[in-house]
Amino acid sequence: MDYEQAFARALDELRAERRYRVFTQIERDAARFPRATWHSPAGPREIVIWCSNDYLGMGRHPAVIAAMADTARKTGVGAGGTRNISGNSRAIVGLETELADLHRKEAALVFTSGYISNETGIATIAKLLPDCVILSDAGNHNSMIEGVRRSGREKVIFRHNDLAHLEELLQAAGNRPKLVVFESIYSMGGDVAPIGAICDLAQRHNAMTYLDEVHAVGMYGARGGGIAERDGVMERLDVIEGTLGKAFGVVGGYIAGKQVVVDAVRSFAPGFIFTTALPPAVAAAAQVSIRHLKHSGIERAQHQAQVQKTKAALVRAGLPVMPTETHIIPVMVNEAGPCKAASDLLLEEHGIYIQPINFPTVSRGTERLRITPTPFHDEALIAELVRALTLVWKKLDLPFATERAEAAE
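Colleague: How should the pattern of salt bridges be read in this particular structure?
Modeller: One side chain can pair with another of opposite charge once the charged atoms of both are near each other. Following the criterion strictly, the structure yields 29 salt bridges and no others. Salt-bridge contacts for Arg204 lead to Glu167; the nearest nitrogen and oxygen are separated by 2.8 Å. Remark: Glu167 occurs in helix α6 (residues 163–173) and Arg204 occurs in helix α7 (residues 195–204); sequence separation between them is 37 residues. With a relative accessible area of 22%, Glu167 lands in the partly exposed category.

Below, the structure is given as structure tokens:
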């Protein structure tokens, strides 16, 4: 067999479908965020990032940077090993205490990424429940899907945010152990789960709940505990999963829940046991970020204000914005090729970086640009974004919102 040819064919198929991923080399500027330097083929060029998951800009907060730098000087830049061997630093233990308090849970456990916390957390919990059936929302992130798959347990998928379908599947599962896994904010559409109603169904049918809050922690609730905190249902959830790599501005993932559940995952999860721990410097920075956002609502208020201004400006310009109640603003293109072309034009001609979102991240025919304003995207940057998008839409002959509405009639 020609092994190289097999890989080349797979890549050629991606390119033919306009789904081949090109990574843009960007150097963030902490002092001027969201401005950055694009190291383009023609040389360095200043750009503005409009698709960062550092939603609140905490990755450039002076106190967070100081905590990381100070701890690195004291302890070094690495963890020294797994938590079991020599990586169980004081900083990471303190971080877990901070996270448990954030979600009003008995315990928390930190992983190297949000992907790993989902993949290994779901898989381990389900494996430890005899004859468990997992009920998974159709819109769940790939990390959750992989966790379900790796569990080896039976899975059933309920239609996205469809309570009637979920109840039907819960009833069909009978008295078996059941684990309902879902997200609070779905990152590509910006829609929100009916968390309280799902908890009602889970309680009625004696099921565990596992909620992914990665796009909500730090962002919503009085202390940044997420949508569950905002909606007053945090205590009803068995396990809450989150990330340190988005609103908190650092890196890593975690789960929080009852002590016995967290301890079971700690004791049985290969994705936790056999991997190097987060470095103390990272853990210290994350702890400072979380603690700051627990006590400061300024960042959340400023963020929401700029999100609303951005949405309103895009709508006024007639751009096809998908309505959402959250900070995620999808601008619909609905074709892979034009979506990539729009992203390229924005970067090359206007110095604006917005990543194209194509299949398999979203279903075919729903390709989009995903805009995520921060508190630092001021009115001048918003106006420039709208101007650039309007010019790109006209250049590519993409339909504006009114044209889409007329075509749908």
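Colleague: How should the sheet that holds strand β11 (residues 329–332) be read in this particular structure?
Modeller: An order of β11-β14-β13 is seen for the 3 strands of this open sheet, with the pairing classed as antiparallel. Two strands close off the open sheet at either side, each with one partner strand: β11 and β13 (356–357). In the sheet, β13 pairs with strand β14 (residues 368–371) via 2 bridges, with the strands oriented antiparallel. Across the sheet, the residue bridging to Ile357 is Arg368, located in β14. Across the sheet, helix α12 (residues 298–316) is in contact with β11 and β14; its angle to β11 comes to roughly 15 degrees. The strands touched by helix α14 (residues 379–395) within the sheet are β11 and β14, with β14 carrying the most contacts at an inclination of about 175 degrees.

Colleague: Can you walk me through the side chain of Thr374 in this structure?
Modeller: Here Thr374 is to be found in the loop between β14 and α14. Side-chain polar atoms of Thr374 contact the side chain of His377, separated by 2.9 Å.

Colleague: I keep staring at the sheet that holds strand β8 (residues 208–212) and nothing clicks. Help me out?
Modeller: By way of backbone hydrogen bonds, the strands of a sheet pair with one another, either parallel or antiparallel. Read across the sheet, 7 strands follow the order β4-β10-β9-β8-β7-β5-β6 without closing on themselves; strand pairing throughout is mixed. Of all the strands in the sheet, just β4 (107–111) and β6 (154–158) have a single pairing partner and so form its edges. The average undirected angle you get between the axes of adjacent strands in this sheet is 20 degrees. Here 5 bridges tie strand β5 (residues 133–137) to β6, and the two strands are oriented parallel to one another. For Val133, the partnering residue across the bridge sits in β6 and is Glu154. Against the sheet, helix α5 (residues 142–151) engages β5, β6, β7 (178–183) and β8, with an angle of about 160 degrees to β7.

Colleague: Explain the packing of aromatic side chains here, please?
Modeller: In this description, a pair of aromatic rings is defined by centroid distance and the angle of the planes. For the structure shown, the criterion picks out 2 aromatic pairs. With 5.9 Å between their ring centres and 80 degrees between their planes, Phe33 and Phe376 make a pair best called edge-to-face. Within this pair, whereas Phe33 is found in the loop between β1 (26–28) and β2 (35–40), its partner Phe376 is found in the loop between β14 and α14, the two being separated by 343 residues in sequence. We classify Phe33 as buried; its relative accessible area is 9%. Owing to a relative accessible area of 32%, Phe376 belongs among the partly exposed residues under this scheme. For the ring pair Phe111 and Phe272, a centre distance of 5.8 Å and an interplane angle of 70 degrees mean the geometry is edge-to-face.

Each value, and the rule that gives it
- Position numbers for residues start from 1 in each chain and track the written sequence from start to end.
- pLDDT decides what is reported in this predicted model: residues at 70 or higher carry local features, side-chain atom pairs at 80 or more are listed and counted, and totals for whole chains, interfaces and linings draw on all residues regardless.
- Where side-chain values are given, they derive from all heavy atoms of the structure, hydrogens and water being excluded.
- By definition, a salt bridge exists where a carboxyl oxygen of Asp or Glu is found within 4 Å of a side-chain nitrogen of Lys or Arg.
- Put simply, DSSP H or I for four residues or longer makes a helix, DSSP E for two residues or longer makes a strand, and each gets a number counted from the N terminus.
- Each residue's exposure class comes from its accessible area (1.4 Å probe, protein chains only) as a fraction of the maximum for that residue type: buried when under 20%, exposed when over 50%, partly exposed otherwise.
- In short, DSSP must find at least two bridges between two strands for them to pair.
- Any two residues whose heavy atoms approach within 4.5 Å at even a single point are treated as in contact.
- Inter-axis angles, ranging from 0 to 180 degrees, are taken between N-to-C directions of lines fitted to C-alpha atoms, where helices are fitted over the stretch in contact.
- Whenever two N or O atoms come within 3.5 Å, that pair is a polar contact, provided that in protein one can donate a hydrogen and the other can accept it, and provided that, for residues adjacent in sequence, both atoms are side-chain atoms.
- Note on ring pairs: Phe, Tyr and Trp rings are taken, using the six-membered ring of Trp, and paired if centres are within 6.5 Å. Classes follow the plane angle, with under 30 degrees stacked, over 60 edge-to-face and the rest tilted.

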